[in-house]
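Analysis of the macromolecular model
Letter by letter, the chains look like this.
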Amino acid sequence: LLRTLTGHGTAVHFVAWSPDGKVLAAASNDNSIQFWEASTGRLVRTLTGAGQVAWSPDGKFLSAAGPLRLWEAFSGQLLRTIAGNVGGVAWSPDSKTVASGGLDGIQVWEAVSGQSLRTVQIGSVSRFAVSPDGKTVVSAGSGGMRVSDLTSGQELRTLVAHEGTVESIAWSPD
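Everything numeric here is computed off the predicted structure, so don't read it as measured data.

The rules behind each value
- Residues numbered from 1 in each chain as written.
- Predicted model: local features only at pLDDT ≥ 70, side-chain atom pairs only at ≥ 80, totals over all residues.
- Heavy atoms only, no water.
- Phe/Tyr/Trp six-rings, centres within 6.5 Å; stacked < 30°, edge-to-face > 60°.
- Helix = DSSP H or I, 4+ residues; strand = E, 2+ residues; numbered from the N terminus.
- Buried < 20%, exposed > 50% of the residue type's maximum accessible area, 1.4 Å probe, protein only.
- Lys NZ or Arg CZ within 6 Å of the ring centre and 35° of its normal.
- 1 Å grid on protein atoms, 1.4 Å probe; cavity = no way out; pocket = protein on both sides within 12 Å on 5 of 7 lines; lining within 4 Å.
- Points joined across faces, edges and corners; volume = space filled by probe spheres on them.
- Nonpolar A, V, L, I, M, F, W, Y, C, P; charged D, E, K, R; others polar.

Within this structure, the stated rule accounts for three aromatic pairs. Between the aromatic rings of tryptophan 55 and phenylalanine 74, the centroid separation amounts to 5.6 Å while the plane-to-plane angle is 35 degrees, which identifies the pairing as tilted. One end of the pair, tryptophan 55, is in strand β5 (residues 53-55); the other, phenylalanine 74, is in the loop between β7 (66-72) and β8 (78-91), with 19 residues separating them in the sequence. Both rings, one in phenylalanine 61 and one in tryptophan 91, keep their centres 5.9 Å apart while their planes meet at 15 degrees; by these two values the pair is stacked. Linking phenylalanine 61 in strand β6 (residues 61-64) with tryptophan 91 in strand β8, this pair joins segments that are 30 residues apart in sequence. When its relative accessible area of 16% is taken as the criterion, phenylalanine 61 is described as buried. Tryptophan 91 sits in the buried class, given a relative accessible area of 8%. Among the aromatic residues, ring-to-ring pairing joins Phe35, Trp55 and Phe74 into one connected group. Sitting over the ring of phenylalanine 35, arginine 45 keeps its end group 5.9 Å from the ring centre.

What follows is the structure, encoded as structure tokens:
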């Protein structure tokens with residue numbers, strides 16, 4: 001054990017490393033996201049928000065589920081809040097778009113303007129991940145796990161392996 005980070009009032013459910021590995025963002029049911037400096041364990045900043053957190057691949061932005069929120073990562077400035085009950089968030093590899101998953105499927109947003117680009121109707125989505133090339137999404141929710149084309153929404157395959165709830169999904173980098 002290298003370090004124990006304490007500060008949240010309730011259990012931490014989501015954590016995400018910054019792309020450079022220097023900062024850890026931790027989201028808790030106490031409706032806060034805390035930023036921790038990895039090398040020292042120092043608390044750097046606390047933001048209001050809870051739910052799954054995700055850094056943009058370029059490290060400039062942080063997003064969180066609940067209502068979808070986008071922050072400038074290191075200033076902590078809230079850029080926008082997009083209403084809705086979002087269960088998960090994921091970024092495109094180029095950091096230009098962010099996707100949110102919820103009851104209506106996956107919604108893709110232009111990160112800077114907040115403009116809705118498209119909705120991929122694949123049923124209720126609780127967790128999902130965008131492929132490293134940004135073309136495909138794997139999702140879990142009503143109807144099991146699905147692999148779909150992120151642009152058209154066309155289902156490419158259904159994965160049947162879990163009897164319970166899928167809590168996390170990730171792609172291999174290759």
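Time to look at the layout of surface pockets. Over the atoms rolls a probe the size of a water molecule, and in doing so it shows where empty space is left. Here the largest pocket defines a volume of roughly 750 Å³. What lines the largest pocket is a set of 28 residues, among which Ala54, Val89, Ala90, Ala129 and Ile169 lie closest to the centre. Residue classes in the lining of the largest pocket are distributed as 21 nonpolar, five polar and two charged. A volume near 210 Å³ is recorded for the second largest pocket. Lining the second largest pocket are 14 residues, and of these Gly84, Asn85, Val86, Ser100 and Asp104 lie nearest its centre. For the lining of the second largest pocket, the elements supplying multiple residues, two or more each, are β8, β9 (97-102) and β10 (105-110). At five residues, the largest contribution of residues to the lining of the second largest pocket is made by β8.

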